[in-house]
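Take a look at the letters that make up each chain.
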Amino acid sequence: MAQYTRVSGIVGLITLQNPPVNALSAAVRQGIVDTVKTALSDPQVKSVVICGQNGIFCGGADIKEFGEKMFGPPLIPMMHAIEAADKPVVAAIEGSALGGGLELALGCHYRIAHSKARLGLPEVTLGLLPAAGGSQRLPRLIGVPAALDLITTGRHVTAAEALQLGIVDQVTDHNTVDAAVKFALTVAGQSLDARRISTRPCPQPSDLDALFEEAMQKVRRSARGAIAPVACVQAVRAAATLPYALGLEREKELMATLFTSGQARALQYIFFAQRAVGRWRMPSGASWDTSKPRPINKAAVIGLGTMGQGITVALTQIGLSVVAIETQEKQLMKAKQAISGMLERGAKRRGVAPPLDRVSYSQNIQAVADVDLVIEAVFEDMGLKMEVFQQLSAVCKPGTLLCTNTSALDMDQLASETPNPELVVGMHFFSPAHVMKLLEVVYGPRSSPQAVATAMQLGKKMGKASVAVGNCTGFVGNRMLKLYTEQAFFLLEEGATPELVDEALEEFGFPMGVFRMSDLAGLDVGWRIRKSAGLEEPIEASGQSVRIRNGCRYSPIADLICEQGRFGQKTGSGWYQYDAPGGRVARSDPWLHSFLAKYRARHGLVARGIDHQEVLERCLYAMINEGFRILEDGIAAGPEDIDVIYVFGYGWPRHRGGPMFYASMVGLAKVLERLEHYHHAHPDVPSLQPCSLLKRLVASGSPPVHRWREVIKKLHSQL
Ligand SMILES: CCCCCC/C=C/CC(=O)SCCNC(=O)CCNC(=O)[C@H](O)C(C)(C)COP(=O)(O)OP(=O)(O)OC[C@H]1O[C@@H](n2cnc3c(N)ncnc32)[C@H](O)[C@@H]1OP(=O)(O)O
């Protein structure tokens, strides 16, 4: 829908009306076509302004329409009609002008933006390219290098940057529509020849081939296997080398392959999943819309290791006063320096003053007495954490929320240490905590909806994809990761090498395979957790085969590697070797290969050929199977929660939509069949036994992922 009015006597004002973001639905496109016609045929009107209602210009094409048959006027002829108009058309940009929204503005003759507006062509993040002429107009307007950057990354620019790049003609701090109307009055009657971007030649960079080759390599490196960034480079190349009409044809051709691709479906699914997880619901029925968060002005972080430091920075950067507590003086000094450095670098990037004075440091836990929320980030040891929680209960003012940053321990046990367990939730950050985009908010049976709402709101303010999950060992992310890693160890026993496993996973799209990632994170962390769970015992002590624990197959390979002092990059060797401790470049290690050969010989294992497909099926399907168990147990409310956790916290390739979406794309029947096959071959590996929810989904015809919740609900109601 679009509303038409006449203002200042001679300016036709068109207002896009489609809350919440004025997306270009069929009705809006029809509204634009009709109102532009009205304005151009009205002899009183000398110029036109297009704006959006409710402070937002336009969030682009209506993504919800993508899966359906397209109705209404197409975008390209609509843009051409605007550009060809013989009266100046001015875009008044408030809020956002994104995707088709910016393309609409590029079809106009002038663009005026509010200083707080953001502009961009984020189509690539949805598996698409700017196919309403945007890939052809933007390079003509701002040059090839800048257009390549914006189109291949999808990044949003501020109004100030847009002005500097030449995307907008004027920036205002005042009412944008008033400024645009005033501007429209001044340009009425002027020649528009130079203002029609499609008629301009594209500026020619000096070494076109080298520029595009470099751009192509960059996109192939940064999003391995993703097809949209490659198509974006090809479309901009068309703008630089072909006349506009032919470039537009190329844009259309490239878009046609992207539009129906599985990658576009996956990326659009993740767009909506990211928003859906904000609408959390606990098994009790409490939910986001009925639970009001508590205001948090002052917070404390206990324990200033790497995690505690990152959390302190993240909280400070959203404007909170933070009390940072570390009992060890030497560590406190080290942390203070690290936190100040991170705040200074962050502030420099944003062009603001570093908020150093918002952090106060103390060695004394009494300093938390007046805070609204505490995040405990001490060493991952239940005894220590219990002690801290007891102390916090004695010191904090009534009503203070107590959060633990444990990555796997039982947060409900910690809640039991306090007189008010309803005030306890888990806030599982990912390292580095001020950078990583995921937060698991873990609720126990006694956590209050208000505590969950507060942690979720805090996560959102910190710019994190925050997902509310139930309490269990490893929560969602690490519970699934354990089975992925376990399969990788089994594959080594059966004949694979770390290189083969990593290659398969990296080809799939993970930025790092499981072994390279483990070397980076440090092998000692998992070793310590396994030891505390009693799984890593010497053979003599257990009196049974070292490869069987609790009646199930167990691989001690990682423990044996740790016993050699090989903790990964930090010690200069792990699954790979490095030039020196702290080295980053992983090299194949003959010692490791010989160790594997000796290990297999000792245990009577015969190495067999393993291909990439088996690596993927074993590692990914075991993890997906656990995802179904998590849904069955009610630990995650829906597949979107799991997928957002994996995409934002575990490097799952975004263009594959997360593990549960991936399973639906592969076909649930196929996943079930392969799990049955592998479980038959490895009956002592329970994680390969297909879980009942997967079987039930297959039995009910493998419904699409957005319908799984209905099946889960039915399953729960029958339990
Ligand atoms: C074969 C040829 C076909 C040609 C097709 C032409 C193609 C054109 C390409 C495009 O334009 S693709 C779309 C490009 N636009 C975007 O990617 C922008 C996406 N939106 C955002 O980034 C943000 O929503 C925002 C606009 C910056 C606003 O952010 P804010 O935090 O304020 O709100 P949200 O919670 O994100 O969104 C609110 C609500 O609106 C829904 N929504 C947002 N954008 C769209 C959209 N473009 N289409 C449909 N719906 C949209 C969003 O899903 C939220 O609703 P929900 O119910 O909570 O999910």
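Up top you'll find the structure we're talking about.
Here goes a summary of the coordinates provided. (Residues numbered from 1 in each chain as written. Predicted model: local features only at pLDDT ≥ 70, side-chain atom pairs only at ≥ 80, totals over all residues. Heavy atoms only, no water.)

### Some remarks on the pattern of salt bridges
Counted according to the given criterion, the structure contains 34 salt bridges. A salt bridge links Arg 29 to Glu 65; the shortest N-O distance between them is 3.3 Å. One end of the pair, Arg 29, is in helix α1 (residues 26-41); the other, Glu 65, is in the loop between β3 (47-52) and α2 (75-83), with 36 residues separating them in the sequence. What makes Arg 29 buried here is its relative accessible area of 6%. Of the charged contacts, one joins Asp 641 and Arg 709 as a salt bridge, the two residues approaching to 3.4 Å between their closest N and O atoms. A residue pair is termed long-range when its members are at least 10 positions apart, and Asp 641 in helix α25 (residues 639-649) and Arg 709 in helix α29 (residues 708-718) qualify at 68 residues. Accessibility expressed as a relative area gives 5% for Asp 641, which makes it buried. On the basis of relative accessibility, which here comes to 35%, the residue Arg 709 falls in the partly exposed class. Residues participating in the shared-partner salt-bridge network are Glu 493, Glu 494, Arg 547, Arg 553, Arg 608, Glu 614 and Arg 618. (Salt bridge = Lys/Arg side-chain N within 4 Å of Asp/Glu carboxyl O. Helix = DSSP H or I, 4+ residues; strand = E, 2+ residues; numbered from the N terminus. Buried < 20%, exposed > 50% of the residue type's maximum accessible area, 1.4 Å probe, protein only.)

### Concerning the sheet that holds strand β7 (residues 118-120)
Judged by pairing direction, the sheet is mixed, and its three strands sit side by side in the order β5-β7-β8 without closing on themselves. A single partner strand is all that each edge strand has here, and the edge strands are β5 (96-98) and β8 (157-158). As defined by bridge partners, β7 adjoins β8 across two bridges and the pair is classed as antiparallel. Following the sheet pairing, Leu 119 is matched in β8 by Val 157. Across the sheet, helix α3 (residues 100-107) touches β5 and β7, and the angle it forms with β5 is around 90°. (Pairing = 2+ DSSP bridges. Contact = heavy atoms within 4.5 Å. Axes fitted to C-alpha atoms, helices over the stretch in contact; angles between N-to-C directions.)

### Things to note about the state of the cysteines
Under the counting rule described, the total for this entry stands at zero disulfides. Not engaged in a disulfide, the cysteine Cys 472 finds its nearest cysteine sulfur in Cys 691; these two sulfurs lie 14 Å apart. Take Cys 562: it sits in no disulfide, and the sulfur closest to it among the cysteines is that of Cys 619, at 18 Å. The class for Cys 562 is buried, based on a relative accessible area of 2%. (Disulfide = S-S within 2.5 Å.)

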